[in-house]
Amino acid sequence: MGWTMTLKDDFGVIAWTRRGAGNYLSLFLLLSLFSFSVQSDIVFPRDHHFSWKAGQWGHCMGEECGSGGVQTRTIWCVHKEGWTTHHTHCQHLDKPESQRHCFKVCDWHQDLFEWDVSDWGGCVLVPFFANELLPRTAECITAQHGIQRRKVHCVRTSNRTTVTSRICEFFSQKPAVEQACLIPCPQDCVVSDFNSWSLCSKTCGAGLQHRTRHVLATPMYGGANCPNLTELRTCSSPVDCPAGEGEYQYSLKVGAWSECRLPHHKDTLLSGRTTVDFSTSHSENNTVTLHTHTSHHHSHQHHHHAHKNPMSWELEVGYQTRHVRCTRSDGKNAMLSLCTKDNSPLTFQACVMPKDCQTSDWSSWSPCSKTCRSSDLSPGYRLRSRIMTQIPVAGGKRCPALEEKEACNIMGDLLPICPRYVWRATDWGECRVLPLLSQQDRRQANISILCGGGIQTRKTYCVQVPDDSAPHHRKEVSRPVNARLCTGEEPPSAVQHCSIPCQHSCLLSQWSPWGACLHDNCKEPQGKKGFRQRRREVLWESSSPLETCPHLVESVPCEDPACYLWQVQQEGRCVPAKSPCGPGTAVQNVTCVSTEGEEVSAAHCEGDAPPAEVACEVACSADCVVGSWSPWSACSHSCATKNAEGRQSRTRTVLALPGKGGKECPAPSALEEWRVCNDHPCVVFYWEASAWGPCIEDASMDFNGTSFWNGTPTCAVGVQIRKVSCTKANVGPVISKRCSDSARPETIRPCSLPCKRDCIVTPFSEWTACPATCMPDNATAATQSRYRTIIQRSANGGQECPDTLFEERECESLPVCPVYRWRIHKWHSCILVPDSVRRGLPGPGEACGKGLETRGVSCVEESGESANMTECLRWAGPVPPQIRECRVACKDDCTLTTWSKFSECAGCGSSRSRKRALTGRSKKKDHCLNEKSYPLEETEMCPCDEFLSQPYGNWSVCVLPDPSAPGSLKGWMSHREIKECGQGLRYRAVACIDQQGHLVDPKLCTDSGYMVEVCHIPCPLDCKLSDWSAWSSCSASCGSGLKIRSKWLREKAFNGGRPCPRLDLKNQVYEAVRCHRECSQYEWRIEPWSICTINTVDDLPACGEGVQSRKIRCVKKGTMIGEASSVDDSLCDQDEAPPRAQVCFLACPDDCVTTPWGAWSNCPLQCDQGTARNRSRHILRHPASTNPACPDLVQSEPCVLNSTCFTYQHRVSDWSTCQLSENAICGQGSRLRLLDCVRSDGKIVELQKCQQFGLINKWRLSEGCVVDCPVSCMLSDWSPWAECSHTCGSRGQSVRTRRILQEAHEEGRPCPNQLTQTKPCPVRPCYTWLLSDWSPCTVEGAACGEGLRRRNLSCVVHWGDGSESPPQSVEEDELCGDKLRRQIQQEMEQPCFVPCPGDCHLTVWSSWSSCQLTCLEGRSFETTGRQARSRAVIIQVMENQGSCPHQVFETQPCKGGKCHSYQWRTGGWSNNVRAVWCQRSDGVNVTGGCFPQKRPTTVRHCHPPCMKPFSHCTPSGVCGCEKGYTEVMTTHGFLDYCTRTPGVDNNKKADVKTNSGRLKPGPSQAQDLFNEWTLRPVGPDGRVKLWVYAVTAVGFILILFIIALSFLVCKPTKTTKTSPPPQKPLTLAYDGDMDM
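What counts, and at which threshold
- Residues numbered from 1 in each chain as written.
- Predicted model: local features only at pLDDT ≥ 70, side-chain atom pairs only at ≥ 80, totals over all residues.
- Heavy atoms only, no water.
- Helix = DSSP H or I, 4+ residues; strand = E, 2+ residues; numbered from the N terminus.
- Buried < 20%, exposed > 50% of the residue type's maximum accessible area, 1.4 Å probe, protein only.
- Contact = heavy atoms within 4.5 Å.
- Areas by Shrake-Rupley, 256 points an atom, 1.4 Å probe, with all protein chains shown as cover.
- Disulfide = S-S within 2.5 Å.
- Pairing = 2+ DSSP bridges.
- Phe/Tyr/Trp six-rings, centres within 6.5 Å; stacked < 30°, edge-to-face > 60°.
- Lys NZ or Arg CZ within 6 Å of the ring centre and 35° of its normal.
- Salt bridge = Lys/Arg side-chain N within 4 Å of Asp/Glu carboxyl O.
- Core = buried A, V, L, I, M, F, W, Y, C linked by side-chain atoms within 4.5 Å.
- Patch = residues over 30% accessible without salt bridge, like charges linked within 9 Å, V, L, I, M, F, W, Y side chains within 5 Å.
- Lys, Arg positive; Asp, Glu negative; His and termini not counted.
- pLDDT = per-residue confidence, 0-100.

Visitor: Looking at this structure, I do not really get the overall build of the protein chain. What am I missing?
Guide: Summing up its helical and strand segments, the protein chain has 10 helices and 102 strands in all. Residue burial in the protein chain is summarised as follows: out of 1636 residues, 32% are buried. In the protein chain, the share of contacts with a sequence separation of at least 24, taken over all contacts with a separation of at least 6, comes to 69%. A total accessible area of about 103000 Å² is found for the protein chain, and carbon and sulfur atoms account for 52% of it.

Visitor: Where do I start with the state of the cysteines in this structure?
Guide: Two cysteines whose sulfur atoms are joined by a covalent bond form what is called a disulfide. One pass over the full model with this rule turns up 58 disulfides. In this model Cys77 forms its disulfide with Cys90; the gap between the sulfur atoms is 1.9 Å. Judged by the sign of its S-S torsion, about 80 degrees, the cystine formed by Cys77 and Cys90 is right-handed. Here Cys77 is found in strand β6 (residues 75-79), whereas its partner Cys90 is found in the loop between β7 (84-85) and β8 (99-104), with 13 residues between them in sequence. By the burial criterion, Cys77 is buried, and Cys90 matches it. Paired by a disulfide, Cys1521 and Cys1538 hold their sulfur atoms 1.9 Å apart. Disulfide Cys1521-Cys1538: torsion about the S-S bond near -90 degrees, hence left-handed.

Visitor: Which parts of the structure should I look at to understand the pairing of strand β101 (residues 1525-1529)?
Guide: In the case of a regular strand, side chains alternate between the two sheet surfaces. Summarising the sheet, β101 and strand β102 (residues 1535-1540) pair through 5 bridges and their orientation is antiparallel. Note that in β102 the partner of Tyr1525 across the bridge is Arg1540. Taking the residues between adjacent antiparallel strands as the criterion, β101 and β102 are bridged by 5 residues, where Gly1533 takes a positive phi near 90 degrees.

Visitor: Hey, could you run me through the environment of Gly331 in this one?
Guide: With respect to the secondary-structure elements, Gly331 resides in the loop between β22 (324-328) and β23 (333-334). Measuring from C-alpha to C-alpha, the distance between Gly331 and Asp1399 comes to 6.1 Å, with 1068 residues separating the pair along the chain.

Visitor: So what exactly am I meant to see when it comes to the packing of aromatic side chains here?
Guide: Geometrically, a pair of aromatic rings is defined through the distance of the ring centres and the angle of the planes. Under the defined criterion, the tally for this structure stands at 6 aromatic pairs. Just above the ring of Trp767 sits the side chain of Arg809; from NZ or CZ to the centre is 3.9 Å. Geometry around Trp1281 places Lys1319 over its ring, the cationic atom sitting 4.7 Å from the centre.

Visitor: Quick question: what am I supposed to make of unusual backbone geometry here?
Guide: Glycine aside, negative phi is the norm for most residues, and most peptide bonds take the trans geometry. Notably, Arg160 is not glycine yet its phi reads approximately 60 degrees, a positive angle. With respect to the helices and strands, Arg160 occurs in the loop between β12 (152-156) and β13 (162-163). Phi at Asn1067 takes a positive value of approximately 60 degrees, unusual for a residue other than glycine. Along the chain, Asn1067 falls in the loop between β66 (1039-1051) and β67 (1068-1077). Taking the relative accessible area as the measure of exposure, Asn1067 reaches 38% and is therefore partly exposed.

Visitor: When you look at the environment of Val1238 in this model, what are you seeing that I'm missing?
Guide: Here Val1238 shows up in strand β78 (residues 1235-1239). For Val1238, a relative accessible area of 9% gives the class buried. In contact with Val1238, other than residues within four places in its own chain, are Thr1207, Tyr1208, Gln1209, Arg1211, Lys1243, Ile1244 and Cys1250.

Visitor: So what exactly am I meant to see when it comes to the pattern of salt bridges here?
Guide: Pairing is possible between side chains of opposite charge, provided their charged atoms come close. Scanning the model with the defined rule gives 33 salt bridges in all. Sharing partners across several salt bridges, the network here consists of Glu114, Asp116 and Arg160.

Visitor: Any chance you could explain the sheet that holds β12 here in plain terms?
Guide: Across a sheet, paired strands are connected by hydrogen bonds in the backbone, their directions being either parallel or antiparallel. Strand order in the open sheet formed by 3 strands is β9-β12-β13, with antiparallel pairing between adjacent strands. Single-partner strands in this sheet number two, and they are β9 (113-117) and β13. Here 5 bridges tie β9 to β12, and the two strands are oriented antiparallel to one another. When the bridges of β12 are listed, Glu114 appears paired with Val155.

Visitor: What exactly am I supposed to notice about the nonpolar core here?
Guide: For soluble globular proteins, the rule of thumb is that nonpolar side chains tend to be buried together. Core analysis: the largest hydrophobic core is formed by 14 residues, its most contacted members being Trp313, Ile391, Trp822, Cys859, Met869, Leu873 and Val879. Those elements that provide at least two residues to this core are β55 (820-827), β56 (849-861) and α7 (869-875). Residue contributions to this core peak at 3 residues, all from α7. For Trp313, the residues in contact, after removing those within four places along its chain, are Thr389, Gln390, Ile391, Trp822, Gly856, Val857, Met869, Leu873, Val879 and Gln882.

Visitor: I tried to follow the side chain of Ser192 on my own but got confused; where do I start?
Guide: Tracing the sequence through the fold places Ser192 in strand β15 (residues 190-192). Using a relative accessible area of 7% as the deciding quantity, one classes Ser192 as buried. Once residues within four sequence positions are removed from consideration, Ser192 is found in contact with Arg213, His214, Leu216, Asn1485 and Thr1487.

Visitor: What is the right way to read a nonpolar patch on the surface from this model?
Guide: A surface patch of nonpolar side chains, amounting to about 520 Å² of accessible area, comprises Leu1598, Phe1601, Ile1602, Leu1605 and Val1609. Looking at where Leu1605 falls in the secondary structure, it is placed in helix α10 (residues 1586-1610).

Visitor: What am I meant to see in the sheet that holds β66 here?
Guide: Reading across the sheet, the 3 strands line up as β65-β66-β67 and stay open at both edges, with antiparallel pairing between neighbours. Looking at which strands have only one partner, the edges of the open sheet turn out to be β65 (1024-1025) and β67.

Visitor: Looking at this structure, I do not really get the side chain of Arg213. What am I missing?
Guide: Relative to the elements of secondary structure, Arg213 occurs in the loop between β16 (205-212) and β17 (215-217). Although Arg213 lies buried, it forms no salt bridge, and the closest oppositely charged side chain, Asp193, sits 6.5 Å away as judged by the N-O distance. Aside from chain neighbours lying at most four places away, what touches Arg213 is Val191, Ser192, Asp193, Phe194, Pro227, Asn228, Leu229, Ala1432 and Thr1487.

Visitor: I tried to follow the confidence of the model for the protein chain on my own but got confused; where do I start?
Guide: Regions with low pLDDT carry predicted coordinates that are not meant to be interpreted in detail. Per-residue confidence for the protein chain gives a mean pLDDT of 79, with 84% of residues at or over 70. Mean pLDDT values over the elements of the protein chain span from 35, in helix α1 (residues 32-35), up to 93, in β15. Scored below 50 in pLDDT, residues 128-134 shows 8 contacts in the model against residues more than four places distant or in partner chains.

Visitor: I keep staring at the environment of Pro1367 and nothing clicks. Help me out?
Guide: Locating Pro1367 in the fold gives a position in the loop between β87 (1353-1358) and β88 (1368-1369). Sequence separation between Pro1367 and Leu1330 is 37 residues, and the spatial gap between their C-alpha atoms is 8.7 Å. Ignoring anything within four residues of it in the chain, the contact list for Pro1367 reads Val1356, Val1357 and His1358.

Structure (structure tokens):
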């Protein structure tokens, strides 16, 4: 269903037609709805008192939209005075209707119409609408009220045609048509000060002078117009004009050349008449006029080109004419003959018919430069261009813009979001220690075993972050892009610290003693053979890997092994059976124990258990008593050989001799027992294990695919295998049976296989761009390349990396640039102005003189076929000239021979010449003999191919050769040391100069444009230290300490070498390690006591007290018994020496016998005062009843510190320096210290002593430490050399840069200062077009009138360095480009006017004023300012004022404007007058700009006026008296009257100066300073009068009196101790004003 709405605005009918089910509804509105204007009140008269008044029609109301609506309005009766009354007072017949049918508009009608609103117009001052400008009475502060308007129409939405506004008013209110606005305050025209007066227009008699000023700012926003820019005044020369000389001057004045036109066809030639008019009226100038019909004028411009792209160009020659008249100095015309004399003026000339520039159609728009949405809200732009198809000729219309730019994608909401670019990094390379080594260390190091701290590197590259909406692939495989796209961010670090774990040597404990003979497997004992074993332990506790440690268990075979043994412990004393002595029994505890000492069940022990009771005997009083056995001595040998076996012994002694009838003592041999020990052979076996093999896959263990419990997948589990063999010490491998199977080390262990890592490579980058333009025929083929980067190297059998990381290919066939050339046609004959034209004009009738000749130009392809002219304009270079001046010889012309050949050249720098001569009658003509007009010899410099090579500028820095091959991509990791020294090259630019001193292409002098010189950069020398010294002795003479070795400085670092480590004051570095000195390396070795020897007297029994002795000797610690001989006793500690002899006691028969004393009990740990220690013994034989009782069995003594009691404590040594593995340079290490046990008397004892006393060591003996790595500075590679900064000239430089990847750390080599290198570019000549200044206005063939001023375009060469040397012109214009094209872009000729004497004319344009902005309170809200220039009117003769042109000014927009304010300035008063002027804020004096109502007064008047006799207005602005009179003032300070000063000459008047009349002195002489004083202090001779001194003295005494009085009054009554606040110094001032 559709609706069509048609409107007939003229008849006020609207019809909506509904296309539905075949029926059409035509709906009409009432005619009055649209034809009558709706007024608020409609009055219908009844009589002269009352009338009906109707309100506005209301809205159309109805149940349905359409024509069934009803409109109502209010009707009321009003009196003529305006008050409402009852409706009966009005006539009902005249009552207007209050209701009518209407068309109710539906909502859907709203879509058919809308308001069309234009933009607001400019803001215009309100008075301008009424065409009146009100005078400004008050100063405008910020802005003034204005109004702006816009157009509002109701239009159809379908075709935008306008309909009546009342339709749209149904739907919405009509938008406002005008609104108030503010425009800046009025800105008056501002002009400069007048310049100086010109010279008098006449050198004799009366003349005129003028001076001018120029416009600085034009009036705006209703400001005042510009005043007259010219001021005139008459002047007269003291010299009277000679009587005989004519009053007037005559000048030939020419008009402008007419436009060029073609001669008419011969049959329609105009019979033109030349008339000369000598009327006196200035408006009808005396001119020579050619009356022509111009019906076909300029028709060539409309139909000259039949098509846009011509195949050739031909030029047409026409003619042009100009008016010539003779003018008199008073502005009137005169006869032509008064000006021309003999020569007739040139009134015609040949000319080239103008051709307008023609262009092709616009190309299509380029893509928008903004293709995505970013935070930058600036719009993009797009371009389109067109090419010139016809070069404009002879002032034809200049070319329009050949390129057009417009904004696009301004909002950019619909564009995709711009891609983001971020840095990515490859995986880290392997950890390397070698770069940390200095040159000195590098030569000595074994690189393969280096470990500890190192560095690893990686590459960074830039990638585009994938769009969030794109599916997430692997992030790390984004395509690399140019690094410049990531310049906003800091790249990730390319270097980091790492460490290679060091293997640590095994630290082993001492061997344990040999164990018991055991079965190989005590759980399953087999056979009669076993093993005795000894063990040692690894002392290292660290996470670092260990070397393969030596064996930890050694075994020897033995017989009769037993894993479990019976252990017997005697529990009680011997209990006699019957009597107090004699035989008895002793109870013993029997247990079965393992070799480790653990109790086990008796079943484990072989054989019968020993008895629980054993027989024993208690000695009776007469029995011999023998002591218990001593412990077994140490074994004499560690093992048994063929020649020797180990033996050990024990002894017992006789304590009491027997009495009568007692039991006898055993034989002496029974007092010593020997037994074999360490009887195992000296053959030691152990398991030798090789190093663990690599981790390999084990088919039996399928761990692949397993994962940890938290779901992280693990790599496959493999196995490590090693060989284990039984080895006989000092012999080699033997069969496995010889070794204990239980001690066999494992030969296989599980391990984690290293994960397979496939190589990961980025995709290839985009191909680099190919040249967008075509390639010259002989150019080398262009290539494009792409690359990719390895992110992760393959490892452990993963997929290998591809070989190709860099690809290069030739660009797809680029079009070869087409070759076109200009084909030049022959010159046509010389064309003069046609005879028909000449005949109608004054001048030479002869068909000769200057003319023009033309030639055609066409375009051909390389093959010679014709081509379009546009192709040659694009490809063929400069257009050849198509026109030149020529001359057809006249009868009176000078005739000359042709030029001779040039003379021979004598070489470079010489000149050559050629000659010609006058012929015939010309030899006798005076004007032909003028050498300036007709030169007979020409000289020019000889061509020269010799060039001078001249070095320019400074040498570049020394540039080292790039180690990488050009174009190749560097390896995955660049590990080479960047070479910073050695042989390089330095460059210096060469300027190539020809014989004229012009700069030429440097390749004419050198191949490269450089001087190249070998240079050397000294290599850095690292700091050198000596080798390590020998270790010092241990710092502790006894116990734990440190030993030290050092290195000292041999050479300091030089040229940026590695700095020295931190040295001490002696320029040394040291290393300290822990050491331990045995407090004594020697010990006392004692032998058993001898038998107690008793000195018997006579036959007394040999009992009682005696003496026994023993041998002691000093031996080295650790010496086996019987091995080494003793050493000098002085080497052992004499204080510790055991006694060699002692008193012994052999009990007599029947005496009490006790055991020797036991050991002393321990004192308390702290040796507390008052405590004691005990020792005890027990009775072995009771005495006979008659004998004395037994002695004390317990003995005690007090615990005395450092005598009978000692305390012990741990002490630690100092820390060692941080110890690294011997193959590490830096990284994680440890520092160590040793522990000592110190007795309270200061003696260092064995550590076991502290352990025996239960002391727990709380000291840490090792801790981790870090040695900082000496990381050398690491730099990126040099960037490629950048393009030259200037394409020509001497300022060009090429730059390359690098950046620091890793700053130097510790003793690493520091970074070089040079991160940027520059080298000069070849000095290429800069060719440019130089546009000369405008020439003075020249009028051809006349003195004044319309002329031309020209400027030239010349090709110049310069150095491009802005130096003082001026550019030098070059003859070959092609070096600068197409001259013709350049000329058509510039204005090369301008019409100008040379005023004749007496002419009223305009000055030349003033220079542009400074750029000024519209500002408010010193701030501007616009970016573009305005500048103005003007031309003033110059009147030379007053009679010519009527024909003067108006002064003109113009403005143009400009950039970089300033805000200016204007302020009134005043000078000083002089005779009640002062200067007042307006000044701009930059100090320029101007007229206009300042607010007129605020102008200060220039004349000062006294108020009230000075009406008293002999009074006058003084410069101070108050009334004073004349000289010789004294002022008498009123109490209000005004002048009352003047009285003559008595006794004073009239010229020596004294004034009374009252206080009220004190004013600053005016601008009078210095001696008038006291003119207004009644008593003048200075006499007429200039000396100070005597009374002045008297007054000064009195005043000084008075002041001193006041000061003293003040001091007395203010002095405090009490003196306080606090000092008074500082007083301000009293300043006395005398202003020289004292009433006398």
